[in-house]
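Analysis of the macromolecular model
One-letter residues, chain by chain:
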Amino acid sequence: MEHITFTDTVKAPAERFTGDVYLNPIEAPADPARLASSLVRFTPGARTNWHSHVKGQTLYITDGIGMVGTRDGSVVRASAGQTVKCLPGEEHWHGATDTTLMAHVAMLVGDESGDGTTWLEPVTDEQYAAALASIGK
């Protein structure tokens, strides 16, 4: 058994997120398992940039209400206790609604070069507003 360590909360990098987002890393990808996981907290209106994962991603919502959107305009409303799976290579984004906090544990399996994430452009305010409208906000 390995020693359990505490990870400090860090602010997510502005070049990958819109709004205030905070991270607590849980596990970094390393052989043989290559699991990467973090507790991610989004303030109202905060969200990731568009991105994809070579082997997909699983999001377990721990608190609040959030959204996960894909390039085809599909949006899933997710709340505490729900799990959303993003397919390998699927360009998507996730974040809080405009009026609620949202926290999730983000889990993925990395590849030989790291966590296998490709970061893309920010989600526009128009795309975000359309996502809110699609879930009835």
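Refer to the structure above for everything that follows.
The paragraphs below set out a description of the structure included in this document. (Residues numbered from 1 in each chain as written. Predicted model: local features only at pLDDT ≥ 70, side-chain atom pairs only at ≥ 80, totals over all residues. Heavy atoms only, no water.)

A look at the overall build of the protein chain
Of regular secondary structure, the protein chain possesses one helix and twelve strands. Listed by position from the N terminus, the elements making up the protein chain come as β-β-β-β-β-β-β-β-β-β-β-β-α. Overall, the C-alpha framework of the protein chain stretches about 45 × 30 × 25 Å when taken along its three principal axes. When burial is assessed residue by residue, the protein chain has 40% of its 137 residues classed as buried. Partitioning the contacts of the protein chain with sequence separation of at least 6, the portion at a separation of at least 24 is 69%. For the protein chain, the exposed area adds up to about 7,500 Å²; of that, 55% sits on carbon and sulfur atoms. Counting 10 positive and 17 negative side-chain charges, the protein chain places the averaged centre of each group 4 Å from the other. (Helix = DSSP H or I, 4+ residues; strand = E, 2+ residues; numbered from the N terminus. Buried < 20%, exposed > 50% of the residue type's maximum accessible area, 1.4 Å probe, protein only. Contact = heavy atoms within 4.5 Å. Areas by Shrake-Rupley, 256 points an atom, 1.4 Å probe, with all protein chains shown as cover. Lys, Arg positive; Asp, Glu negative; His and termini not counted. Charge placed at Lys NZ, Arg CZ, Asp CG, Glu CD.)

Section: the pattern of salt bridges
Tallied over the entire structure, the rule returns five salt bridges. The partner of D20 in a salt bridge is K11, with the nearest N and O atoms 2.6 Å apart. The salt bridge involving D125 is made with R47; its shortest N-O contact spans 2.9 Å. With D125 in helix α1 (residues 125–134) and R47 in strand β5 (residues 47–48), this pair connects stretches of sequence that are 78 residues apart. Within the structure, one salt-bridge network assembled from shared partners comprises R71, E91 and E121. (Salt bridge = Lys/Arg side-chain N within 4 Å of Asp/Glu carboxyl O.)

Considering the environment of G81
Residue position: G81 is located in the loop between β8 (75–79) and β9 (83–86). What makes G81 partly exposed here is its relative accessible area of 48%. Placed 19 residues apart in sequence, G81 and T62 show a C-alpha to C-alpha distance of 5.9 Å. With residues up to four places along the chain from it excluded, the contact list for G81 reads Y60 and I61.

Brief notes about the nonpolar core
Residues V21, V40 and F42 are the most contacted members of the largest nonpolar core, which totals 16 residues. Of all the elements in the fold, those that place two or more residues in this core are β3 (21–27), β4 (35–42), β7 (57–70), β9 and β11 (102–109). With three residues, the single largest contributor to this core is β7. Among the nonpolar cores identified, the runner-up in size contains eight residues, and W50, W93, Y128 and I135 belong to it. (Core = buried A, V, L, I, M, F, W, Y, C linked by side-chain atoms within 4.5 Å.)

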